[in-house]
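Commentary on secondary and tertiary structure
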Amino acid sequence: MPMEKATALVLRTTDFRETSRVVILWTREFGKVHALAKGGRRLRSQFEFALDLLNLCDIVLIRKTSEGLDLLTEARLRERFQGIRQHLDAFYAACLIAEILDTCGQRDDPHPHWFDSTMVALRQLQEQSIVQTLLRWEINALREIGLQPMLDRCVLCKKPLEDMPASQPITWNALAGGVVCSLCPTPSRGRRQLSQELWRCWRLSTQQQDLPLPESSCQQLLDVLHEYWMHQLAKPLRLITYFSPHR
Ligand SMILES: [Zn+2]
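Thresholds, definitions, all that
- Residues numbered from 1 in each chain as written.
- Predicted model: local features only at pLDDT ≥ 70, side-chain atom pairs only at ≥ 80, totals over all residues.
- Heavy atoms only, no water.
- Phe/Tyr/Trp six-rings, centres within 6.5 Å; stacked < 30°, edge-to-face > 60°.
- Buried < 20%, exposed > 50% of the residue type's maximum accessible area, 1.4 Å probe, protein only.
- Helix = DSSP H or I, 4+ residues; strand = E, 2+ residues; numbered from the N terminus.
- Pairing = 2+ DSSP bridges.
- Axes fitted to C-alpha atoms, helices over the stretch in contact; angles between N-to-C directions.
- Contact = heavy atoms within 4.5 Å.

1. Thoughts on the packing of aromatic side chains
One pass over the full model with this rule turns up 7 aromatic pairs. Measuring from centroid to centroid gives 6.3 Å for Phe 91 and Tyr 92, while their planes differ by 50 degrees, and the two rings are tilted. Taking relative accessible area as the criterion, Phe 91 reaches 24% and is therefore assigned partly exposed. Take Tyr 92: its relative accessible area is 27%, and that puts it in the partly exposed class. Aromatic side chains Trp 172 and Tyr 228 sit 5.4 Å apart centroid to centroid with 65 degrees between the ring planes, which places their arrangement in the edge-to-face category. With a gap of 56 residues between them, Trp 172 in strand β6 (residues 170-173) and Tyr 228 in helix α5 (residues 215-232) connect regions that are remote in the sequence.

Here it is as structure tokens:
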């Protein structure tokens, strides 16, 4: 079977038998990969410390054609994102990114641009606003995996939401996956009101990725997005609770 080279972010590892490890990687070339690192638990193995959570590595693997585990034959550390390991909020934000990638990433579904922008986000978490960096990453992630919410039109009747009095809040429904106009009935589950300012802020940030946003809006939007992830994904995200204002 052919050897393949790839660039990979370590999302998760679990022990396997006496000395080996199963590694879940997000690769630039192949999407999500489940690989067996034989001897990966031994001290001074060929993998050294490359397979620690959230490390960026250059890897060599033998790909299985079936659903079985790929075989990892080499992993060399390229970047450790040391700064995120020294700051708890940054570390949890990076762990949430890894958890979302682990939950949503698919085998043989590479997203090279998203991979590159994720590495940029991990570097930014070390020196820029954590909430803003995480928010931007999540807005982009929703687009990449096809879960972008409907913000311009009513998600139920598809009528554009324009020309409302500025004081009128916008009804958002996380379960329906978008905003809802005043004429459509919306179930209470997943429903919340957004100020028009926050709604406009969200719409703008989906169109213009490097738009600077006020920190208070970022935190509010992050809460809305986290509720949305909870409703849209079959599996709950554990790390979200860390970013909940009520934790
Ligand atoms: Zn409607």
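2. Thoughts on the sheet that holds strand β1 (residues 3-16)
Strands sit in the order β1-β2-β3-β5-β4 around a closed barrel of 5 strands; the barrel is mixed. Across the sheet, the axes of successive neighbouring strands diverge by a mean angle of 50 degrees, strand direction being ignored. Sheet topology note: the strand β4 (residues 56-62)/strand β5 (residues 70-79) ladder contains 7 bridges and is antiparallel. Looking at the pairing, Ile 59 lines up with Ala 75 of β5.

3. Topic: unusual backbone geometry
One non-glycine residue with positive phi stands out, namely Arg 17, at about 50 degrees. The topology assignment puts Arg 17 in the loop between β1 and β2 (20-27). Its identity as a non-glycine residue notwithstanding, Asp 108 has a phi of 55 degrees, on the positive side. With respect to the element layout, Asp 108 can be found in the loop between α1 (88-104) and α2 (112-124).

4. Topic: the pairing of β5
Moving residue by residue along a regular strand, the side chains alternate between the two faces of the sheet. Strand direction decides the pairing type here: strand β3 (residues 31-37) and β5, joined by 2 bridges, are parallel. Looking at β5, one finds that Leu 36 is bridged to Leu 71.

5. Some remarks on the pairing of β2
Most of β2 sits inside the fold, with 8 of its 8 residues counted as buried. Side chains Ser 20, Val 22, Ile 24 and Trp 26 of β2 all project onto a buried face; the interleaved residues Arg 21, Val 23, Leu 25 and Thr 27 project onto the opposite face, where all are buried too. From the end of β1 to the start of β2, which pair antiparallel, there are 3 residues, and Arg 17 there has a positive phi angle of about 50 degrees. Relative to β3, β2 is paired through 7 bridges, and the arrangement is antiparallel. Pairing of Leu 25 across the sheet is with Val 33, part of β3. Where β2 folds back on β3, the antiparallel hairpin that results is connected by 3 residues.

6. Side note on the sheet that holds strand β7 (residues 178-180)
Pairing within the open sheet is antiparallel, and its 3 strands lie in the order β7-β6-β8. Strands with a single pairing partner mark the edges of an open sheet, and in this sheet they are β7 and β8 (191-194). Strand-to-strand twist of the sheet, defined as the mean angle between neighbouring strand axes without regard to direction, takes the value 40 degrees. Both β6 and β8 contribute to a ladder of 4 bridges, which runs antiparallel. Each bridged residue has a counterpart across the sheet, and for Ile 170 the counterpart in β8 is Leu 194. Packed onto the sheet, α5 meets β6 and β8 and runs at close to 160 degrees relative to β8.

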